[in-house]
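What follows is each chain in one-letter form.
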Amino acid sequence: MIKAIYIYDAPDAIGLDIGVIAQYLSELLPDTQVQTRTDFFTYHIGQFDLELTDALTEQVVVRLDEREVHNLVAPDRRGDLPPVAPEDEDLPTVYQAEQLQDVMRAMLPQDERGDEHLHIVYITQCIGHFEPGEPYLTLQIIQHGQPTIISTTGFVEVPALPREYSFRRAQLLSFGMDEAVEELDERFAERALAHGDTRITRVAIGYALHALFQRLFGESGCDEPSCPLRHARTHDELIEAHLSENSGLCDHHTRMLIEARGEKGAR
Ligand SMILES: [Zn+2]
């Protein structure tokens, strides 16, 4: 079982309440200590002596800068495709997921490392990776490992929008019909998660479950449409898995968790 879960805040994520996430996880795992912390870098830099803080902050900033993705085109395609900056796609800062994770992992104290400690780091920046054969960076919501990183911007940017919506939106934009775009956005609000959506905490809980199941059982993902462990490819699927009335861990996954808790108790 997991001894401790540490949840890091993304203060810029509007509507994200990590207290609610912590509460949910501690009810689910009564024997696990669940802690909430400020954002990852502020928290860990704060653990060092004050004189060191400035130097450390500077070091982290440099290391992060080096790992930022400025061109979304895959390195082996940069000869034949024009560069695409994240801001061209209306994206915030983008990092390669593994590289960001490396920077963060180096800051974890010895006594909080290992399989019994699960660090869940929420960020608003985007994470992604270059998939072999793909011309552009593939964005992702979650990077499993030590620590587990969850991009709240990814909730909005990664799943595909309903096709009808994307098509009409592009069409209206090309005609400069901004008001009609707003109307369309409103009409589809129920079917897609948008930036600033207050339902973000529920989706964030769902991805914390992904982190937990990956750590406990080495896998996440589910075929049940209303199970938050489902890998949502579209916004419709995301809404159904996390925000619909019958959203909740399916019987199979609930049983897995109960059995894992039972084993611990028997030891
Ligand atoms: Zn399930």
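Residues numbered from 1 in each chain as written. Predicted model: local features only at pLDDT ≥ 70, side-chain atom pairs only at ≥ 80, totals over all residues.

## Structural notes on the pairing of strand β8 (residues 148-151)
Next up, step 1: A two-sided burial pattern is seen for β8, the buried positions comprising Thr148 and Ile150 on one face and Ile149 and Ser151 on the other.
Next up, step 2: Relative to β8, strand β7 (residues 142-143) runs antiparallel, the two sharing two bridges. Across the sheet, Ile142 pairs through a bridge with Ile150, a residue of β8.
Next up, step 3: Linkage of β7 to β8, two consecutive antiparallel strands, is achieved through a turn of four residues, within which Gly145 is found at a positive phi near 135°. (Buried ≥ 20, exposed ≤ 12 C-beta atoms within 10 Å, placed from the backbone. Helix = DSSP H or I, 4+ residues; strand = E, 2+ residues; numbered from the N terminus. Pairing = 2+ DSSP bridges.)

## A closer look at the sheet that holds strand β5 (residues 126-129)
Next up, step 1: In space, the three strands of this open sheet follow the order β3-β5-β6, with mixed pairing throughout. At either end of the open sheet lies a strand with only one pairing partner, and these are β3 (94-96) and β6 (138-140). Ignoring strand direction, the axes of neighbouring strands in this sheet form an average angle of 45°.
Next up, step 2: Alignment of β3 against β5, held across three bridges, turns out to be parallel. Within the sheet, the bridge partner assigned to Val94 lies in β5 and is Cys126.
Next up, step 3: Across the face of the sheet, helix α4 (residues 97-105) comes into contact with β3, β5 and β6 while running at roughly 85° to β3. (Axes fitted to C-alpha atoms, helices over the stretch in contact; angles between N-to-C directions. Contact = placed C-beta atoms within 7 Å.)

## Focus: helix α6 (residues 163-174)
Next up, step 1: Compared with the 16 Å implied by 1.5 Å per residue over twelve residues, the 17 Å span of α6 between its first and last C-alpha is a close match.
Next up, step 2: Just downstream of α6, Gly176 is the residue with a positive phi angle, here 70°. (Expected span 1.5 Å × (residues − 1).)

## Description of the nonpolar core
Next up, step 1: Core analysis: the biggest nonpolar cluster contains 54 residues, and Ile120, Val121, Tyr122, Ile150, Ala204, Tyr207 and Ala208 have the highest contact counts within it.
Next up, step 2: The leading source of residues in this core is helix α8 (residues 200-217), at ten residues.
Next up, step 3: For Ala204, the contacting residues outside a window of four places in its chain are Leu16, Ile21, Tyr122, Ile150 and Thr152. (Core = buried A, V, L, I, M, F, W, Y, C linked by C-beta atoms within 7 Å.)

## A closer look at the sheet that holds β8
Next up, step 1: The strand order across the open sheet formed by five strands is β2-β1-β4-β8-β7, and the pairing between neighbours is mixed. Two strands bound the open sheet, and with one partner strand each, they are β2 (33-37) and β7.
Next up, step 2: Where strand β4 (residues 117-123) meets β8, four bridges bridge the pair, whose relative direction is parallel. Pairing of Val121 across the sheet is with Ile149, part of β8.
Next up, step 3: In the packing of helix α1 (residues 18-28) onto the sheet, contacts are made with β1 (4-8), β2 and β4, and the angle to β2 comes to roughly 175°.

## With respect to the packing of α1 against α8
Next up, step 1: Between α1 and α8, the least distance of the axes is 10 Å, while the angle of their chain directions is 40°. By the angle between their axes, α1 is oblique relative to α8. As α1 packs across α8, the resulting crossing turns out to be right-handed. Along its contact with α1, which presents Val20, Ile21, Tyr24 and Leu25, the element α8 presents Thr201, Ala204, Ile205 and Ala208. (Parallel < 35°, antiparallel > 145°, perpendicular 65-115°, else oblique. Left-handed = near helix turned anticlockwise from the far one by under 90°.)

## Observations regarding the environment of Leu137
Next up, step 1: Locating Leu137 in the fold gives a position in the loop between β5 and β6.
Next up, step 2: We classify Leu137 as buried; it has 24 C-beta atoms within 10 Å.
Next up, step 3: Taking the C-alpha atoms as reference points, Leu137 and Ile127, separated by ten residues in sequence, lie 9.3 Å from one another.
Next up, step 4: Filtering out sequence-adjacent residues up to four positions away, Leu137 remains in contact with Val69, Leu72, Val94, Gly128 and Phe130.

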